[in-house]
Amino acid sequence: MSVLELRDLHITYRTEGGDVPAVRGVNLTLERGDTVGLAGESGCGKSTIAAAVLRLLPKGTNVSGQVLLEGEDVYAMKPGRLRAVRWTSAAIVFQGALHSLNPVRRVGHQIAEAIRLHAPHGSAAHHTDARVGELLERVGLPAERAQHYPHQLSGGQRQRVLIALALACEPKLLIADEPTTALDVMVQAQVLALLEELQRDHGLSLLFITHDLSVLTHTCEKLAVMYAGRIVEQGPSQTVFNSPEHPYTRALAASFPTIGDPASRMNPRGLAGDPPDPSALPSGCPFHIRCDVATPECTTLDVALRDVVSPGAAPGRSAACVHVGVARV
Ligand code: ADP
Ligand code: MG
């Protein structure tokens, strides 16, 4: 059974200024032990999907389609079941959470509290002191760090504490929303290595969210690229990154500096202009305004994600572009 399945997920925020269709028909599946990267520029709907998985969206937000955690429909769960599932089936490391630790509580205390509140009663996790030390060691921190206050830790160490918190009840799925964005490059690499290790050694499934496509290719086997609330390309991460099919993925990949090529850092290519406002999407393919291969039909046709069958294409790839070789059904 899949750890996570999103089926035709649509999410619309209700605001005073009108409806914001932030997610528009997303399908995504994570099997046990899978590492899937969700990429795309700011505003394309990544964090909205993360929040939707555990029903953490603002009240009144319209959600349709299905979110299945281990086959169970999250939006059909009773409150008690939902609370249990939130820490034991899936946990989230939120975007921008580096300052969310309580500044006047020792970090060990904060992890112990999470265990007390959320671990199933009577479980081994209730031997909290030993458990806190074990969790800290699992994320590469000495157990003594439990005695420290957040301000005594570096950004990278605090991110590790947040990961330890998320792991407190042994979730099967970890959703990490931009976990490295606020960290410097060296520390980013260490946090990525940690997530890879957790995935490998503990069979964790990982949904890794970032705007930085290049970060994902090392960490994730599969990659889904989002634009304006939809997945526009999907496939094995190395092939998607190295030979993108969708013009948006191509531009996004080119906009990040190539490692070992200082010139590309100085002068990133691709991706002129801004992503569209979800409440005022252009007609046809929402990317056509910024696309360098757009033709007149792109202003009217908005094609769905389809299997790519162009010669030489790796298996398991799909793209939503009228110009990409596809299997017609
Ligand atoms: P990402 O994580 O990819 O940057 P988000 O999921 O945060 O994107 O946002 C997707 C879209 O939804 C954006 O246009 C954003 O402005 C809008 N949005 C996000 N949160 C809210 C909210 N609480 N109310 C209204 N609109 C929102
Ligand atoms: Mg986000």
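Within each chain, residues carry numbers counting from 1 in the order of the written sequence. Numbering of ligands from 1 and lettering of chains from A proceed in the order in which they are written. In view of the model being predicted, local features appear only for residues whose pLDDT reaches at least 70, and side-chain atom pairs are presented and counted only at 80 or more, with totals across whole chains, interfaces and linings using the full set of residues. The basis for the side-chain values is all heavy atoms of the structure; hydrogens and waters are excluded.

1. Things to note about the pattern of salt bridges
Pairing is possible between side chains of opposite charge, provided their charged atoms come close. Take a side-chain nitrogen of Lys or Arg and a carboxyl oxygen of Asp or Glu: if they are within 4 Å of each other, that pair is a salt bridge. Applying the stated criterion across every chain yields a total of 14 salt bridges. In this structure, Lys172 engages Glu70 in a salt bridge whose closest nitrogen and oxygen atoms are separated by 3.8 Å. You can see Lys172 sitting in the loop between helix H5 (155-166) and strand E7 (173-177) and its partner Glu70 sitting in the loop between strand E4 (62-69) and strand E5 (72-73), a full 102 residues away along the chain. For every residue, the accessible area obtained with a 1.4 Å probe (protein chains only) is divided by the maximum for its type, and the residue is called buried under 20%, exposed over 50%, and partly exposed between those limits. Given the relative accessible area of 27%, Glu70 is considered partly exposed. In this structure, Arg116 engages Glu113 in a salt bridge whose closest nitrogen and oxygen atoms are separated by 3.9 Å. Placement of both Arg116 and Glu113 in helix H3 (residues 107-118) is noted, with a separation of three residues, approximately one turn of the helix. Judged by its relative accessible area of 41%, Arg116 falls in the partly exposed class. Numbering of helices and strands starts at the N terminus; helices are DSSP runs of H or I of at least 4 residues and strands are runs of E of at least 2.

2. Side note on the packing of H3 against H5
It is at 9 Å that the axes of H3 and H5 come closest, and there the two elements cross at 20°. Between H3 and H5, the angle falls in the class roughly parallel. Relative to H5, H3 is oriented so that their crossing is right-handed. Facing H3, whose interface residues are Val107, Gln110, Ile111 and Ala114, H5 presents Val161, Ala164 and Leu165. Fitted lines through C-alpha atoms give the axes, limited to the stretch in contact for helices. The angle between two N-to-C directions lies from 0 to 180 degrees. Oblique is the label for any angle not covered by the other classes, which are roughly parallel (under 35 degrees), roughly antiparallel (over 145) and roughly perpendicular (65 to 115). When the near helix sits turned anticlockwise from the far one by under a right angle, the crossing is termed left-handed; a clockwise turn instead gives a right-handed crossing. When checking whether two residues touch, look at their non-hydrogen atoms; a contact exists if any pair is within 4.5 Å.

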